[in-house]
Amino acid sequence: MKLIVIGITDNPHPWFPPEVLEVIRQGKVFSGGRRHHEIVAPILPEGAEWIDITAPLDTVFEQYKRLAPSNLPPLGEASVAIASPSGGRLEGASLIVFASGDPLFFGFANTIKRRMPDAEIVVYPTFNSLQMLAHRLLTPYHDMRIVSLTGRPWPAFDRALIERAGKIGVLTDKEHTPAAIAQRMLEYGYTYYNMSVGEHLGNPELEKVTTLSLEEATRTDFSMPNCVILYPACCDSLATKPFGLPDSDFTLLNGREKMITKMPIRLLTLQALDLPKRRVFWDIGFCTGSISIEARLQFPHLQIEAFEIRPECEAIIHENARRFGAPGINVHMGDFLVGCDSVATHSAPDAVFIGGHGGHLKDIMAKVLTVLADDGCIVMNSVKAPKVLTDSHLLWDEACRELGLQQEPPMRIIIDEHHPIEILKAHK
């Protein structure tokens, strides 16, 4: 089956090169969004069939696949004819799909490739919206970090902020609006950017480009469709990402300094977890959130799930995350063993840190093992304090032995006058 994907802008009077016009003239079956249909309807050939691209996409692709009758060659081989949606036979025809901008730039051609991997695809692109916005601003875009928030959650955008990207192009939607983007940036301290917003780019009647501060953007409504380019307010305004957060800057649980993993221990703990190659990190018993926040800033590619039983810690981790500019930590409150969200609802971890266990270490480790990736690891810090009634290292050894875990040699650390810390690590 052959699909020809043609990129268009929001211009109500589109221009196409002669080659593309000839493809359209010979077409019989077309597809695209309803707005695309409005734009191209005047140039479609008489009797053209149209398939709306609407949710759910399963229905759309079922219509696409029904265009190839069973007596035709299978997908991936040259097709000489397809059936129209009304049941007729269309000799020598292909399905022609209209999509916004460059169909391979977060576009519908990628969806076709994923859903119909054996189909033959030909693409005729035009400029995407971020390219057009850069053109209007006379801004070079070869160094721009591209993030799509169109139907997608925040993680890729958060990562761009944490990594201090100098120029960020953002595709928006009705939820991730320019105002919502600006509000998130201000909440987590990324205040040193300006924002340019392009509305209805390519439409000579509605197109509008606005440059404003983040504070102004939170108070402004922009019409859809739009896109955003973020850039530092001045050339030297990007802050340097810290390596190791000062303990004194954290909000603590009841002001207790001993309820935070000290910065050198945090960094060594992250090293033991081998986070550069991990994908999903669980922090069980996060308390102040210091481990999760340090991990988020040093390894922003991670999906981080943080668990804690003490309700007062929820406000603390959110305050610390905002203070250090660490958006995107997923916080779960409640007893990890019984009252917390079911572990089955979260992505399987390949790295787990146990910061607190309340005497239920083996039970927690057993529950983790039900979802831990085959190459995953579990790390815990054990304090060697003389007045501690139960040695957590002994509990760890017992749990590892009974659960069949393989231990690595512990790392023993002493900082200033504090009690020695042992960093313990085990894996399947």
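Residues numbered from 1 in each chain as written. Predicted model: local features only at pLDDT ≥ 70, side-chain atom pairs only at ≥ 80, totals over all residues. Heavy atoms only, no water.

Colleague: Explanation requested: the overall build of the chain in the structure shown.
Modeller: From N to C terminus, the chain includes 13 helices and 20 strands. Within the chain, the fraction of its 428 residues that count as buried is 48%. With the model as given, the accessible surface of the chain reaches about 20600 Å², and the carbon-plus-sulfur share is 52%. (Helix = DSSP H or I, 4+ residues; strand = E, 2+ residues; numbered from the N terminus. Buried < 20%, exposed > 50% of the residue type's maximum accessible area, 1.4 Å probe, protein only. Areas by Shrake-Rupley, 256 points an atom, 1.4 Å probe, with all protein chains shown as cover.)

Colleague: Looking at this model, I keep getting lost on the sheet that holds strand β1 (residues 2-8). Mind explaining?
Modeller: Sheets are built from strands that pair by backbone hydrogen bonding, the pairs being arranged parallel or antiparallel. If you walk across this open sheet you meet the five strands as β3-β2-β6-β1-β7, and the pairing is parallel. Each edge of the sheet is formed by a strand with only one pairing partner; in this case those strands are β3 (49-52) and β7 (120-124). Recorded for the sheet is a direction-independent mean angle of 25° between the axes of neighbouring strands. In the sheet, β1 pairs with strand β6 (residues 95-100) via six bridges, with the strands oriented parallel. (Pairing = 2+ DSSP bridges. Axes fitted to C-alpha atoms, helices over the stretch in contact; angles between N-to-C directions.)

Colleague: Is there a simple way to explain the nonpolar core in this structure?
Modeller: For soluble globular proteins, nonpolar side chains are generally found buried alongside one another. Counting residues in each nonpolar core, the largest one holds 57 residues, and the members touching the most others are F157, L230 and F281. If one sorts the elements of this core by residue count, helix α11 (residues 312-324) sits on top with five residues. Apart from the residues within four sequence positions on either side, L230 is in contact with F157, G166, K167, I168, V170, I181, M185, Y193, N194, M195 and L214. Residues W282, V371, A399 and L424 belong to the second largest nonpolar core, which totals 22 residues. (Core = buried A, V, L, I, M, F, W, Y, C linked by side-chain atoms within 4.5 Å. Contact = heavy atoms within 4.5 Å.)

Colleague: Teacher, can you tell me more about the packing of aromatic side chains here?
Modeller: The geometry of an aromatic ring pair is captured by two quantities: the separation of the ring centres and the angle between the planes. Going through the model one piece at a time under the given rule, you end up with 13 aromatic pairs. Each ring, one from W154 and one from F157, has its centre 5.7 Å from the other, and the planes form 55°; the classification is tilted. The burial state of W154 is the same as that of F157; both residues are buried. Joined through ring pairs, the aromatic side chains of F16, F30, W50 and F98 make up one cluster. If you follow K367 out to its NZ or CZ, it ends over the ring of F336, 5.1 Å from the centre. (Phe/Tyr/Trp six-rings, centres within 6.5 Å; stacked < 30°, edge-to-face > 60°. Lys NZ or Arg CZ within 6 Å of the ring centre and 35° of its normal.)

Colleague: Sorry, what's going on with the sheet that holds strand β12 (residues 226-232) here?
Modeller: Here five strands make up an open sheet; going across it, the order is β8-β9-β12-β10-β11 and the pairing mixed. On the outer flanks of this sheet lie β8 (145-148) and β11 (208-213), each paired with one strand and no other. Direction aside, neighbouring strands of the sheet carry axes that sit 20° apart on average. Across four bridges, the pairing between β8 and strand β9 (residues 168-171) is parallel. Across the sheet, residue R145 finds its bridge partner in β9, namely I168. Lying over the sheet, helix α6 (residues 155-162) contacts β8, β9, β10 (193-199) and β12, oriented at roughly 155° with respect to β8. The sheet contacts of helix α7 (residues 178-187) involve β9, β10 and β12, and relative to β10 the element is tilted by about 170°.

As far as function goes, none of this settles anything; it's purely spatial.
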